[in-house]
Amino acid sequence: MIPHARRYARPHQSLGIRVRLPARPLSIPPKPAPSPGPPSTQDSSFVPRREFPYPSSLITSYFLGHHRAGLEKMKQLVSSVELIIECRDYRVPLSSRNPMFEETLREKERLIVYTKRDLAAEELDLKTQETIRKWHRPHQVVFSDSKDRKDVQKIIDYARGSSPSLPPGSLPCKGKGKMYEQKDTSCSTAATADNMIGSRMLVVGMPNVGKSTLLNAMRRVGTGNTKKAAITGGQPGVTRKISMAVKILDYPLVYLMDSPGVFVPYMPNPQTMLSLALVGCVKDSLLDATTLADYLLFHLNLRDPSLYSGYSPPTNDIVELLTATAKATGRLLKGGSPDFDATAYWLVQRYRAGVLGKFILDDVSATAYQAWLDAEEKQGESRNAARKRMKEERRLAKIEKRGDAEI
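Residues numbered from 1 in each chain as written. Predicted model: local features only at pLDDT ≥ 70, side-chain atom pairs only at ≥ 80, totals over all residues. Heavy atoms only, no water.

Asker: Looking at this model, I keep getting lost on the packing of aromatic side chains. Mind explaining?
Answerer: Within the structure shown, the criterion is met by 10 aromatic pairs. When the centroid spacing of 6.4 Å and the interplanar angle of 45° are considered together, the rings of Tyr54 and Tyr295 count as tilted. Highlighted residues: Tyr54 in the loop between helix 1 (4–8) and helix 2 (65–77) and Tyr295 in helix 8 (residues 289–303), separated in sequence by 241 residues. Tyr54 gets classed as partly exposed once you look at its relative accessible area, which sits at 28%. The buried category is assigned to Tyr295, whose relative accessible area is 1%. Ring geometry for Tyr90 and Phe143: centres 5.5 Å apart, planes at 80°, overall edge-to-face. (Phe/Tyr/Trp six-rings, centres within 6.5 Å; stacked < 30°, edge-to-face > 60°. Helix = DSSP H or I, 4+ residues; strand = E, 2+ residues; numbered from the N terminus. Buried < 20%, exposed > 50% of the residue type's maximum accessible area, 1.4 Å probe, protein only.)

Asker: Just to check I follow, could you spell out unusual backbone geometry for this structure?
Answerer: Residues other than glycine predominantly adopt negative phi, and peptide bonds predominantly adopt the trans conformation. Cis geometry is adopted by the peptide bond preceding Pro138, which originates at Arg137 and carries an omega value of 10°. As for its position among the elements, Pro138 is in the loop between helix 4 (126–136) and strand 3 (140–143). Cis rather than trans, the peptide bond between Tyr251 and Pro252 has omega equal to -10°. Turning to its location among the elements, Pro252 is positioned in the loop between strand 7 (246–249) and strand 8 (254–257).

Asker: What is the right way to read the packing of helix 7 (residues 270–278) against helix 8 from this model?
Answerer: When two helices pack together, their arrangement is given by the angle between their axes and by how far apart the axes lie. It is the contact of helix 7 with helix 8, at a shortest axis distance of 10 Å, that shows an interaxial angle of 95°. When the axes of helix 7 and helix 8 are compared, the pair comes out roughly perpendicular. Here Gln271, Leu274, Ser275, Ala277 and Leu278 of helix 7 lie close against helix 8, whose contacting residues are Thr291, Leu292, Tyr295 and Leu296. For the contact of helix 7 with helix 8, the per-class residue count stands at six nonpolar, three polar and no charged. (Axes fitted to C-alpha atoms, helices over the stretch in contact; angles between N-to-C directions. Parallel < 35°, antiparallel > 145°, perpendicular 65-115°, else oblique. Contact = heavy atoms within 4.5 Å. Nonpolar A, V, L, I, M, F, W, Y, C, P; charged D, E, K, R; others polar.)

Asker: Honestly, the sheet that holds strand 2 (residues 110–115) in this entry has me stumped. Any pointers?
Answerer: Strand pairing in a sheet is mediated by backbone hydrogen bonds. Such pairs are either parallel or antiparallel. Across the sheet, which stays open at both edges, the six strands sit in the order 3-2-1-6-8-7 with mixed pairing between neighbours. Here the strands that pair on one side only, and so sit at the sheet edges, are strand 3 and strand 7. Neighbouring strand axes in the sheet, compared pairwise and without regard to direction, differ in orientation by 30° on average. Packing against the sheet, helix 4 makes contact with strand 1 (83–89), strand 2 and strand 3, and its axis sits at approximately 145° to strand 3. Contacting strand 1, strand 2, strand 3, strand 6 (199–205) and strand 7, helix 5 (residues 149–160) runs over the sheet at an angle of about 155° to strand 3. (Pairing = 2+ DSSP bridges.)

Asker: Sorry if this is basic, but what is going on with the pattern of salt bridges here?
Answerer: Two side chains bearing opposite charge may form a pair once their charged atoms approach each other closely. Taken as a whole and assessed by the stated rule, the structure comprises 15 salt bridges. Residue Arg88 is joined to Glu86 by a salt bridge in which the shortest nitrogen-to-oxygen separation is 2.9 Å. Like Arg88, the residue Glu86 is buried in the burial classification. For the salt bridge of Asp148 with Arg117, the shortest nitrogen-to-oxygen distance reads 3.1 Å. Of this pair, Asp148 sits in the loop between strand 3 and helix 5 while Arg117 sits in the loop between strand 2 and helix 4, and the two are 31 residues apart along the sequence. Linked through salt bridges whose partners overlap, the residues forming this network are Glu86, Arg88, Glu102 and Arg110. (Salt bridge = Lys/Arg side-chain N within 4 Å of Asp/Glu carboxyl O.)

Asker: What should I look at first to understand the nonpolar core in this one?
Answerer: A general trend in soluble globular proteins is that nonpolar side chains are found buried together. Ranked by size, the top nonpolar core spans 65 residues in total, and within it Ile85, Met218, Phe263 and Val282 carry the most contacts. Looking at this core element by element, the count peaks at nine residues for helix 8. (Core = buried A, V, L, I, M, F, W, Y, C linked by side-chain atoms within 4.5 Å.)

Asker: Got a minute to help me understand the side chain of Asn98 in this structure?
Answerer: Turning to its location among the elements, Asn98 is positioned in the loop between strand 1 and helix 3 (99–104). The exposure class assigned to Asn98 is buried, which follows from its relative accessible area of 0%. Polar contacts involving the side chain of Asn98 include one to the main-chain carbonyl oxygen of Val262, which spans 2.7 Å. Setting aside residues up to four positions removed in sequence, Asn98 forms contacts with Glu86, Met206, Val262, Phe263 and Val264. (Polar contact = N/O pair within 3.5 Å; in protein donor to acceptor, adjacent residues only side chain to side chain.)

Asker: I'm lost on the environment of Val279 in this one. Help?
Answerer: Position of Val279 among the secondary structure elements: in the loop between helix 7 and helix 8. It is 9.3 Å that separates the C-alpha atoms of Val279 and Leu361, two residues lying 82 residues apart in sequence.

Asker: Help me understand the pairing of strand 6, please; the structure alone is not making it clear to me.
Answerer: One face of the sheet, then the other: side chains in a regular strand alternate in exactly this way. With respect to burial, strand 6 is a largely interior element, six of its seven residues being buried. In the sheet, strand 1 pairs with strand 6 via five bridges, with the strands oriented parallel. Its bridge partner being in strand 6, Ile84 is matched across the sheet by Leu202. Two elements, strand 6 and strand 8, share four bridges in a ladder whose sense is parallel. The residue bridging Ser199 from the neighbouring strand is Val254, located in strand 8.

Asker: What exactly am I supposed to notice about the environment of Val282 here?
Answerer: Secondary-structure assignment places Val282 in the loop between helix 7 and helix 8. Once the C-alpha coordinates of Val282 and Ser61 are considered, the two residues, 221 residues apart in sequence, prove to be 9.9 Å apart.

Asker: Would you mind showing me how to read the pairing of strand 2 here?
Answerer: In terms of burial, strand 2 is a largely internal element, six of the six residues being buried. Alternating positions in strand 2 separate into two faces, Arg110, Ile112 and Tyr114 on one and Leu111, Val113 and Thr115 on the other, with burial throughout. Remark: the strand 1/helix 3/strand 2 crossover connection has right-handed handedness. Sheet topology places strand 2 next to strand 3; four bridges connect them, and they run parallel. Residue pairing for strand 3: Leu111 is matched across the bridge by Gln140. Read from strand 2 through helix 4 to strand 3, the crossover connection turns out right-handed. (Right-handed = clockwise from strand over helix to strand, strands pointing away.)

Next up, the structure:
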């Protein structure tokens, strides 16, 4: 077996997945590098990298069969629901946006919920929140931690049609006790739904952004039922089809349906793919562990190298960090050599848990959102070409499989 360090030093090697990245340069501008934190006393001359060397072997697609089936089912359900709750990960506010939802859910009232705000608490200031809210107008935005009852209550209040806890003017309707007064004819939430059958709502989003966790939290806070209605997990792909309607409010009667996370068919930007993978939106088994840990190291160094000072002095060398961390934590193979994969995944999990910093990976500025939309338009032609290419590769793979079976 090739040692992990040597394998990582040759990033052109394939991971077993055939990909072709576009020859043109990235059309989505990377996030401007923030000023690094105070230099470590161990090495005051340390200079972090300002660019990350994206390996050519990164996957460009994670669009699975249940993603496609889930999207088709959403299209069928849109006309029968009063509200779409779209979840996005607050750590990747741009990367966790799925442009296919814009096409599918365009005509429906939508509430954008940025989940896991507690995992980016260092950048949860009012200015950042207001910038993100401006991105989504006229849709309303909530920043949520599903473990925080007050956050969950804000979303329930919106669904109910009465929310004094949301910013003034952010609701189309205002309720008083059990009598709801419609202030705007465009209001289509539970306040104006049929009292007999209640209202139906649908939660959507990219894989593993916290949809099922939010549904369980809304049920717990809204009805007092602490039994989990949706299965949750640390890896994407736990929910594979639209769920049965789950009651989240008794009065007015409100039901919420969970849905499988839907990825985009083609991801030409390696920065976006790595950012989504780092927060857990892509299965860990599809990317090289050392590459993902190196991407984390890149961001840690730009913010504060002391975040990993318990394992290693500041470094831009991921092999050096993994070696030191493996020795410090006892993640060693037989003979005492470092277990690079286990150590890399351990570091990534520490970041996902909020132990190695709580920060946003994407650019959050007044112009970032429009730049992202412009880049999506330019990638339209590449996305169509990728669909044809992946279809042809699937066809050839089936032929090859049949040939092997005959042998």
